[in-house]
Amino acid sequence: MSNSNLPNYLEYKGKYKGLLGWIFSTDHKRIGLLYLYSVMTFFIVGALLGLLMKFELIAPGKTIMEAKSYNAIFTLHGITMIFLIVIPGIPAILGNFFLPIMIGAKDVFYPKLNLISWWLYILGAVVALSSQFMHGASPDTGWTFYAPYSFRTQSNVLPALIGAFILGFSSILTGINFIVTMHRLRAPGMKWLKMPLFPWSLYGTAWIQVLATPIIGITLLMVVAERVLNIGFFDPALGGDPVLYQHLFWIYSHPAVYIMILPSMGVISEVIPTFARKEIFGYNAVVISTLLIAFVGYFVWGHHMFTAGMSETSLFAFSFLTFLVAIPSAIKTFNWLATLYKGSIILKTPMYWAVSFLFIFMIGGLSGMVLGSLAANVHLHDTAFVVAHFHFIVFGGVGFGFFAGIHYWFPKIFGRMYDASWADTGWLIFFIGFLTLYAPMFYLGITGMPRRYYDYVPEFHPANIISSFGAFIMIAGLAIIIINLIRSAKKGPKAEESPWGGKTLEWTVSSPPIVENFEEIPEIK
Amino acid sequence: MEGNNSNDHYDHEGSKMGMWLFIFTELLFFGGLFFVYAISRYKNETAFALAAEELNVTTGAINTIILLISSATIAMAVSAIQLKKKNITLIFLAITLILAVVFLVNKYFEWGAKIEHGIYPGSEILQQLGYGEILYFGLYFAMTGLHALHIIVGIVIILIISVKVYNEKIHAERFVQLENTGLYWHLVDIIWIFLFPLFYLIV
């Protein structure tokens, strides 16, 4: 099929030309790239905000900013990273691009809705970020918008809340679209248990998107109502219950962690077999663990609130369920390791990312167990340990998975190869920077450094210097990776149809794929 | 929810499936408010019962009947289109629209009376009442307000769909958009079916 004469999706001329041909295109591949460019733009902003915070923490006391600016920056960093990057991240970029191709479809089930989702994403981003440029102070609540502060503060929380609400809507529509796509558009012969693991992970993710996101939607609206109409659902001064807010918030926001990590696990499940030259070990177990994570992850939200006031029974139940959800994650990890065992391993850039993912995900996951146990949690709650844990999972887990995926599928997306030695160098610097940045924060948290403060006592100085130093290394690595990819997308040598010898359908179509992916819908035997 | 009507691919079942998923999300969306209602009621039982006496059961009952009939008429519109009866479809859609508007007019007078008595979120009279009353009326305005917003969206959708039926974009072979509109309308109906007893009947 590679010698096809049909135009590929990058060259195709539709109803509109130039930029309009992209922002009004309903082609899932173009929409995937729209997401790629917008998410990466926000990611660079979010990463630089993080760098500013690490700069502030390089020494005790005021270094470059006041406490208020620090509060505003960690809030904006959180909102950007969570709502604009890691939640849409892999499903919207790689999922949009590869889900239809991997299941042998021409597009997603609702192409127009797919485009609307991207527009809603942009609208939500603009509304959320407008909070920075309006009259008055930037939001300073943290990305969690905890009540009652979120409706007492004079800062511009309202646009941030409404922005997050719109982004949730975009996420729901993508979820619905993906579920129906997988139910209705699989190629003939592709039974459920023949579907590749990346689509499976998107399937689990999509269900969480559909079943959890509405809860945050209504919760954010209730906070809006508190601010505008003074209703009092969560306001103790009006008889409301602030802990109720935390419950509603985490009913979504904990499953959201699995919206982030499941697709990343899906990418790893594609990359590891390809570069180990083996089929995945225990395909069924990986599928079942995906669905189990999606299901059990729904019932563990209370572990964010161990110190907020709950009955002993609930504490015990939430702690137990938290340990339970670790089992399917461990099953996946063992399956990946077993796939590597006696495989014929080829270390290429995507594989470096995948293997370092395993290392970082393991540390992140095990530190999660520390936080899930009740006694340890009381000590570590709201310390730098928590920050280290979720950056290992959310940034390590999702980020390394995303970069594994983008280096794996780059030749297919752009039809060109990247410079492997620069990509490997970037990975190495990034990996070293990542560990230098976040590992000391475990130590800081255990010794008692609270999070969300711009200042600290002198005892914490040495570890903070190391951590801040790591941030600079990591940003340098990130710059190399991104510049290398951008340059290669334009100037890299032409890629083959299947540069890594992958076995899934996307490697049978030309690089870059033609407009509707397949000249003839393939039949799976 | 739009199907793939830009190209030749038409999948009635698939399009309906997407709509059902959307309805799940709507139920969960309202579920958050029902959850807050349940907990607030559990904590302020007597206050909720007293506050509920303020509502007019007759107006609520009339609105319930109106919505139930409108659900029936839109279901008949879905049947009529399959029997290739375009005019009857349009008549049933028109009746549904009229009933929806009557519902809103009723709601307007009901809310208006409350506001006239000084009962609205943040009002001085309400602040003087107890916590339970404040929460009850807060929830009343939030939940029925959000529901009324869904009615308004429903009216807009039914209008668009009626035009499509009139132009024969929707016909006996391709009526999933009409059917999905019906599903949405039933959703709006069923949410009201729960709001009515929770606010008007339990005293």
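Residues numbered from 1 in each chain as written. Chains lettered and ligands numbered in written order. Predicted model: local features only at pLDDT ≥ 70, side-chain atom pairs only at ≥ 80, totals over all residues. Heavy atoms only, no water.

Digging into the overall build of chain B
Turning to step 1, where the next piece is worked out: A count of helical and extended segments in chain B gives seven helices and zero strands.
Turning to step 2, where the next piece is worked out: Starting at the N terminus and ending at the C terminus, chain B contains elements arranged as α-α-α-α-α-α-α.
Turning to step 3, where the next piece is worked out: C-alpha atoms of chain B, sized along the principal axes, occupy 60 × 30 × 25 Å.
Turning to step 4, where the next piece is worked out: Each of the 203 residues in chain B was classed as buried or not, and the buried ones make up 53%.
Turning to step 5, where the next piece is worked out: Summarising the internal contacts of chain B: among those between residues at least 6 apart in sequence, 82% fall at separations of at least 24.
Turning to step 6, where the next piece is worked out: Element-wise, carbon and sulfur atoms account for 68% of the exposed surface of chain B, whose accessible area totals about 9400 Å². (Helix = DSSP H or I, 4+ residues; strand = E, 2+ residues; numbered from the N terminus. Buried < 20%, exposed > 50% of the residue type's maximum accessible area, 1.4 Å probe, protein only. Contact = heavy atoms within 4.5 Å. Areas by Shrake-Rupley, 256 points an atom, 1.4 Å probe, with all protein chains shown as cover.)

Points about helix 5 (residues 111-130) of chain A
Turning to step 1, where the next piece is worked out: Its 20 residues give helix 5 of chain A an end-to-end C-alpha distance of 29 Å, which sits within 8% of 28 Å, the value for a rise of 1.5 Å per residue.
Turning to step 2, where the next piece is worked out: Tucked into the core, helix 5 of chain A has its buried residues touching helix 1 (20-23), helix 2 (28-56), helix 3 (67-86), helix 4 (89-102) and helix 7 (157-184) of chain A. (Expected span 1.5 Å × (residues − 1).)

As for the packing of helix 4 (residues 86-116) of chain B against helix 6 (residues 131-166) of chain B
Residue and element names in this part refer to chain B.
Turning to step 1, where the next piece is worked out: The contact between helix 4 and helix 6 brings their axes to 10 Å, and the two run at 155 degrees. Between helix 4 and helix 6, the angle is such that the two are roughly antiparallel. Crossing handedness for the pair helix 4 and helix 6: left-handed.
Turning to step 2, where the next piece is worked out: Broken down by class, the residue content of the contact of helix 4 with helix 6 amounts to 20 nonpolar, six polar and four charged. (Axes fitted to C-alpha atoms, helices over the stretch in contact; angles between N-to-C directions. Parallel < 35°, antiparallel > 145°, perpendicular 65-115°, else oblique. Left-handed = near helix turned anticlockwise from the far one by under 90°. Nonpolar A, V, L, I, M, F, W, Y, C, P; charged D, E, K, R; others polar.)

Overview of the confidence of the model for chain A
Turning to step 1, where the next piece is worked out: Of all residues in chain A, 99% have pLDDT values of 70 or greater, and the mean over the chain is 93.
Turning to step 2, where the next piece is worked out: Summarising per-element confidence for chain A, the mean pLDDT is lowest in helix 1 of chain A (89) and highest in helix 15 (residues 420-446) of chain A (97). (pLDDT = per-residue confidence, 0-100.)

Description of the nonpolar core
Turning to step 1, where the next piece is worked out: Grouped together as the largest cluster of nonpolar side chains are 245 residues, with contacts concentrated most on A:Leu94, A:Phe233, A:Phe234, A:Phe403, A:Trp409, A:Ile413 and B:Phe199.
Turning to step 2, where the next piece is worked out: Looking at this core element by element, the count peaks at 22 residues for helix 9 (residues 242-276) of chain A.
Turning to step 3, where the next piece is worked out: Sequence-distant contacts of A:Phe233, defined by excluding residues within four places in its chain, comprise A:Met222, A:Ala225, A:Glu226, A:Gly240, A:Asp241, B:Leu33, B:Val36, B:Leu135, B:Gly138, B:Leu139 and B:Ala142. (Core = buried A, V, L, I, M, F, W, Y, C linked by side-chain atoms within 4.5 Å.)

Some thoughts on unusual backbone geometry
Residue and element names in this part refer to chain A.
Turning to step 1, where the next piece is worked out: For the peptide bond that leads from Ala-147 to Pro-148, omega is -5 degrees, which places it in the cis range.
Turning to step 2, where the next piece is worked out: By the element assignment, Pro-148 lies in the loop between helix 5 and helix 6 (149-152).
Turning to step 3, where the next piece is worked out: For the bond running from Ser-511 to Pro-512, omega is -10 degrees, close enough to zero to count as cis.
Turning to step 4, where the next piece is worked out: Looking at the element boundaries, Pro-512 is found in the segment after helix 16 (461-491).
Turning to step 5, where the next piece is worked out: Despite not being glycine, Asn-230 has its phi angle at roughly 60 degrees, a positive value.
Turning to step 6, where the next piece is worked out: Mapped onto the secondary structure, Asn-230 falls in the loop between helix 8 (197-229) and helix 9.

Focus: the packing of aromatic side chains
Turning to step 1, where the next piece is worked out: In this structure the tally under the stated criterion is 69 aromatic pairs over all chains.
Turning to step 2, where the next piece is worked out: Ring centres of A:Trp143 and A:Phe249 lie 5.4 Å apart, and the angle between their planes is 55 degrees; this geometry places the pair in the tilted category. With A:Trp143 in the loop between helix 5 and helix 6 and A:Phe249 in helix 9, this residue pair connects regions lying 106 residues apart in the sequence.
Turning to step 3, where the next piece is worked out: With relative accessibility at 0%, the residue A:Phe249 sits in the buried group.
Turning to step 4, where the next piece is worked out: Ring geometry for B:Phe48 against B:Tyr136: centres 5.3 Å apart, planes inclined by 85 degrees, an arrangement best described as edge-to-face. Residue B:Phe48 is located in helix 2 (residues 45-52), and its partner B:Tyr136 is located in helix 6; the two are separated by 88 residues in the primary sequence.
Turning to step 5, where the next piece is worked out: The exposure class assigned to B:Tyr136 is buried, which follows from its relative accessible area of 0%.
Turning to step 6, where the next piece is worked out: The cationic tip of A:Arg30 hangs over the ring face of A:Trp22; the distance from NZ or CZ to the ring centre is 4.5 Å.
Turning to step 7, where the next piece is worked out: One residue, B:Lys86, lies across the ring of B:Tyr166, its end atom 5.0 Å from the ring centre. (Phe/Tyr/Trp six-rings, centres within 6.5 Å; stacked < 30°, edge-to-face > 60°. Lys NZ or Arg CZ within 6 Å of the ring centre and 35° of its normal.)

With respect to the confidence of the model for chain B
In low-pLDDT segments, the atomic positions of the prediction should not be examined closely.
All names here are of chain B.
Turning to step 1, where the next piece is worked out: On average, residues of chain B score 91 in pLDDT, and 96% of them reach the 70 mark or higher.
Turning to step 2, where the next piece is worked out: Put simply, helix 5 (residues 124-128) is where chain B has its lowest mean pLDDT, 81, and helix 3 (residues 57-82) is where it has its highest, 96.
Turning to step 3, where the next piece is worked out: Taken together, the stretch residues 1-7 has pLDDT below 50 and engages in 25 contacts with residues farther than four places along the chain or on a different chain.
Turning to step 4, where the next piece is worked out: Per the prediction output, this complex has pTM 0.94; the corresponding ipTM is 0.91.

Points about empty space enclosed by the protein
Residue and element names in this part refer to chain A.
Turning to step 1, where the next piece is worked out: The final tally for this structure, using the stated rule, is five cavities of 30 Å³ or more.
Turning to step 2, where the next piece is worked out: Lining of the largest cavity is provided by 45 residues; of these, His-77, Met-81, Phe-390, His-391 and Tyr-438 occupy positions nearest its centre.
Turning to step 3, where the next piece is worked out: Among the elements of the structure, helix 2, helix 3, helix 4, helix 14 (384-414), helix 15 and helix 16 are those that each provide at least two residues to the lining of the largest cavity.
Turning to step 4, where the next piece is worked out: Among the elements that make up the lining of the largest cavity, the one with the highest residue count is helix 14 (ten residues). (1 Å grid on protein atoms, 1.4 Å probe; cavity = no way out; pocket = protein on both sides within 12 Å on 5 of 7 lines; lining within 4 Å. Points joined across faces, edges and corners; volume = space filled by probe spheres on them.)

Things to note about the interface of chain A and chain B
The accessible area lost on association of the parts is a frequent measure of interface size.
Turning to step 1, where the next piece is worked out: Taken together, the 37 residues of chain A in the interface contact 35 residues of chain B.
Turning to step 2, where the next piece is worked out: Both faces combined, the contact of chain A with chain B buries some 3000 Å², and carbon together with sulfur accounts for 74% of it.
Turning to step 3, where the next piece is worked out: At the junction of chain A with chain B, the criterion picks out two salt bridges.
Turning to step 4, where the next piece is worked out: A:Arg184 is the salt-bridge partner of B:Asp11, the closest N and O atoms lying 2.8 Å from each other.
Turning to step 5, where the next piece is worked out: At the boundary of chain A with chain B, the tally comes to five residue pairs in polar contact (both at pLDDT 80 or more).
Turning to step 6, where the next piece is worked out: Among the elements that line the side of chain A that touches chain B, the one with the most residues is helix 8 of chain A, at ten residues.
Turning to step 7, where the next piece is worked out: Residues of the side of chain A that touches chain B, tallied by class, amount to 29 nonpolar, five polar and three charged. (Buried area = accessible area lost by both parts, 1.4 Å probe. Salt bridge = Lys/Arg side-chain N within 4 Å of Asp/Glu carboxyl O. Polar contact = N/O pair within 3.5 Å; in protein donor to acceptor, adjacent residues only side chain to side chain.)

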